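Take a look at the letters that make up each chain.
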Amino acid sequence: MELRAAEWPASETSTIGAVGIAHFSSHFLQLAVAPLFILMRDDLGVSFTELGLVLSVFYLFSGVGQVVAGILVDRFGADRLLLCGMILQGTATAAMGLAPRYEALLPLAALAGLGNSVYHPADLSILSHRVAHVRLGRAFAAHVIAGNLGFAASPLASAALGTTYGWRTALLAMGGLVVVFGLGLIAWRSALKVEPQAHHAGGQAGALRAPSFLQVLAMPVVLMAFLYFVLTAVSLSAFQSFSIPALQQGYGASLALATLAAALYQLGNAAGVAAGGVVADRTSAHHVIAMGGLAVGAVFGLIAAWLTAAPAVTVALIAVAGVCLGLTTPSRDVLVRSAAPAGATGKVFGVVYSGYDIGALVAPIFFGLALDHHRPSLVLTVGALALAVAVLTAFAVRRRPDAVPLPRPAEPDPLTIEAPER
C-alpha cells in the first residue's frame, strides 16, 4: 500500500485503521451464523430452510437499512452512526446466542442487519472526507481488504468456538468482541470525526446545495451504480459460495478442492484489490479500469463454466476471475465517490451499496434452484454473465452529476476533500 510517512499523514493512516477495524467487524459477523447451522439445527429442532430464513432477514434489513443509513450519515454524522451500528450489530449477534427458541432469532437477525447497514455509507463517507483524493483509491482498497480479512477469520472462529464450546458461546463471544471493538473506537473517535454534511448547508450564497434523497434516487448515474452492485453481488455469490457445491456436482472436484476454489477466489480478489488501489490512484480513467476488469473476469468465468478440463484448471480460472473483480473494486468506489454531489456522499453510498444486499438476497434462490435441477454449469455461467452486463453499468457511472446551487460556508471544512472537477 506504500504507506510512506512522507506521503501519508498520520491523521489519514489513523482514519484508515479505524475504518478498517469497523469493516472487519461487519464481515466478521456476517459469516458467524452459517458455520453453526448443523449445531443450531440439532439443538433447536429446525430445518436448514428455517435457518436460511434467518440470513435472509438479516440481508433484507441490511439492504433496506443502508438506504436510510445514507440519509442519516449526511444529517447526523458518519462517526456517530458507525459506532452505534457496530454496537447494535455486536449486541444483537451476542443476544442470538441467548435466544431460547428459533422464533427469537428472527427479530435479532433484523436488528443485526440494521446494525450492519451503516458500515458502507459511513465508512466510505469518512474516507472520502478525511483522505486526500490522490490517495483515495488505496484507502478504499485497504477498506475492502479489511472486510476480506473479516470474511476469512469469521468461519474459522465460528467453527472452532462452536465445535469446542457450542453455538451459543460462539455467537456470544463473536458478538461481544465486536461490541468491545465499538467501545474502543469511541475512544478513537477523533480519527472518524466528520461534521454532518447538512451543517454546510447554511452560509453565504454561491455554494452547492445537497440534493434531497429523492433527487439522489432519481439520478441515472446512481441507479446504474446500484445495478452495478446488484450484478457484482450475484457474481460474488456464484463464485464464492455456490461454486463449492457446483464444482462437486458437475466438474468432478472433491470437497477439499472445491473449498480451495472458494478460498483462492477470495485470496485472488484481495490481491486484485491491493493492486487496484495503486492503479486507481495513478489514473483518472477509473471507468476503463472497472470495465476492463469486469470484462476479463467475465471471459475467465465463462471459460471456467464451459471448458472441459481437469477440476484443478477450473479452480485456477475461478481464482483469476477473482483477481480481475478485485482489481476493479477501488476504481469502482472512486467512481461512486466522484458521482456523489456535494453534501450527498452518505445518501449515494447508502443507495448503491444496498444493491449488494439485494443481490445477496436474491441470487442464492436462483443458484439453489439450478443445483436442485442438476445444472451446476448455470451457476458459473450466470456469475460470469453478471460481470459482463456490469460492464455497461460501469460505463454509465463515469460522470459526476450536476449539483444544485446553495450557499457555501465562509470557511470550508479542512477535512472535506471535494471530488475533482470533470
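If you're wondering where the values come from, they're calculated on a predicted model, not measured in any experiment.

How each quantity is defined
- Residues numbered from 1 in each chain as written.
- Predicted model: local features only at pLDDT ≥ 70, side-chain atom pairs only at ≥ 80, totals over all residues.
- Heavy atoms only, no water.
- Helix = DSSP H or I, 4+ residues; strand = E, 2+ residues; numbered from the N terminus.
- Areas by Shrake-Rupley, 256 points an atom, 1.4 Å probe, with all protein chains shown as cover.
- Phe/Tyr/Trp six-rings, centres within 6.5 Å; stacked < 30°, edge-to-face > 60°.
- Buried < 20%, exposed > 50% of the residue type's maximum accessible area, 1.4 Å probe, protein only.
- 1 Å grid on protein atoms, 1.4 Å probe; cavity = no way out; pocket = protein on both sides within 12 Å on 5 of 7 lines; lining within 4 Å.
- Points joined across faces, edges and corners; volume = space filled by probe spheres on them.
- Nonpolar A, V, L, I, M, F, W, Y, C, P; charged D, E, K, R; others polar.
- Contact = heavy atoms within 4.5 Å.
- Salt bridge = Lys/Arg side-chain N within 4 Å of Asp/Glu carboxyl O.
- pLDDT = per-residue confidence, 0-100.

### Some remarks on the overall build of the protein
- In terms of regular secondary structure, the protein is built from 15 helices and two strands.
- With the model as given, the accessible surface of the protein reaches about 16,800 Å², and the carbon-plus-sulfur share is 71%.

### Some points on the packing of aromatic side chains
- The tally for this structure, following the rule as stated, stands at eight aromatic pairs.
- Aromatic pair Phe58 and Tyr59: ring centres 5.1 Å apart, planes at 90°, arrangement edge-to-face. Exposure class is identical for Phe58 and Tyr59. Each is buried.

### Observations regarding unusual backbone geometry
- Even without being a glycine, His374 presents a positive backbone phi close to 60°.
- Turning to its location among the elements, His374 is positioned in the loop between α14 (345-372) and α15 (376-396).

### Details of empty space enclosed by the protein
- Counted under the stated rule, the structure contains two cavities of 30 Å³ or more.
- Quantified by volume, the largest cavity comes out at close to 100 Å³.
- If you go around the largest cavity, the residues you meet are Leu29, Gln30, Val33, Val54, Leu55, Phe58, Thr93, Met96, Ala109 and Ala112.
- Mapped onto the lining of the largest cavity, the elements with two or more residues apiece are α1 (10-30), α3 (48-76), α4 (78-96) and α5 (105-116).
- Split into classes, the residues belonging to the lining of the largest cavity amount to eight nonpolar, two polar and no charged.
- By volume, the second largest cavity amounts to about 30 Å³.
- In terms of lining residues, the second largest cavity is bounded by Ala225, Tyr228, Arg332, Leu335, Val336 and Val397.
- Going through the elements one at a time, α10 (220-250) and α13 (311-339) are the ones with two or more residues in the lining of the second largest cavity.

### Some details on the side chain of His143
- Positionally, His143 belongs in helix α7 (residues 136-165).
- According to the relative accessible area criterion, His143 is buried, its value standing at 2%.
- The contact partners of His143, leaving out residues within four places of it in the chain, are Val19, His23, His120, Asp123, Leu124 and Leu127.

### Focus: the pattern of salt bridges
- Enumeration over the complete set of coordinates arrives at eight salt bridges.
- Of the charged contacts in the structure, one is a salt bridge between Arg189 and Asp79, with a shortest N-O distance of 2.6 Å. With Arg189 in the loop between α8 (167-187) and β1 (208-209) and Asp79 in helix α4, this pair connects stretches of sequence that are 110 residues apart.
- Its relative accessible area of 29% is what places Arg189 among the partly exposed residues.
- The class for Asp79 is buried, based on a relative accessible area of 1%.
- For Arg138, the salt bridge identified is with Asp281, shortest N-O distance 2.5 Å. Taken as a pair, Arg138 in helix α7 and Asp281 in helix α11 (residues 255-281) lie far apart in primary sequence, 143 residues in all.
- Looking at Arg138, the relative accessible area reads 7%, which means it is buried.
- Under the relative-accessibility criterion, Asp281 is labelled buried at 18%.

### Brief notes about the confidence of the model for the protein
- Averaged over all residues, the pLDDT of the protein is 83; the fraction at 70 or higher stands at 88%.
- Within the protein, α5 carries the highest mean pLDDT (96), whereas strand β2 (residues 404-405) carries the lowest (38).
- Contacts for the low-pLDDT stretch residues 1-6, under 50 throughout, to residues beyond four places or in other chains number 12 contacts.

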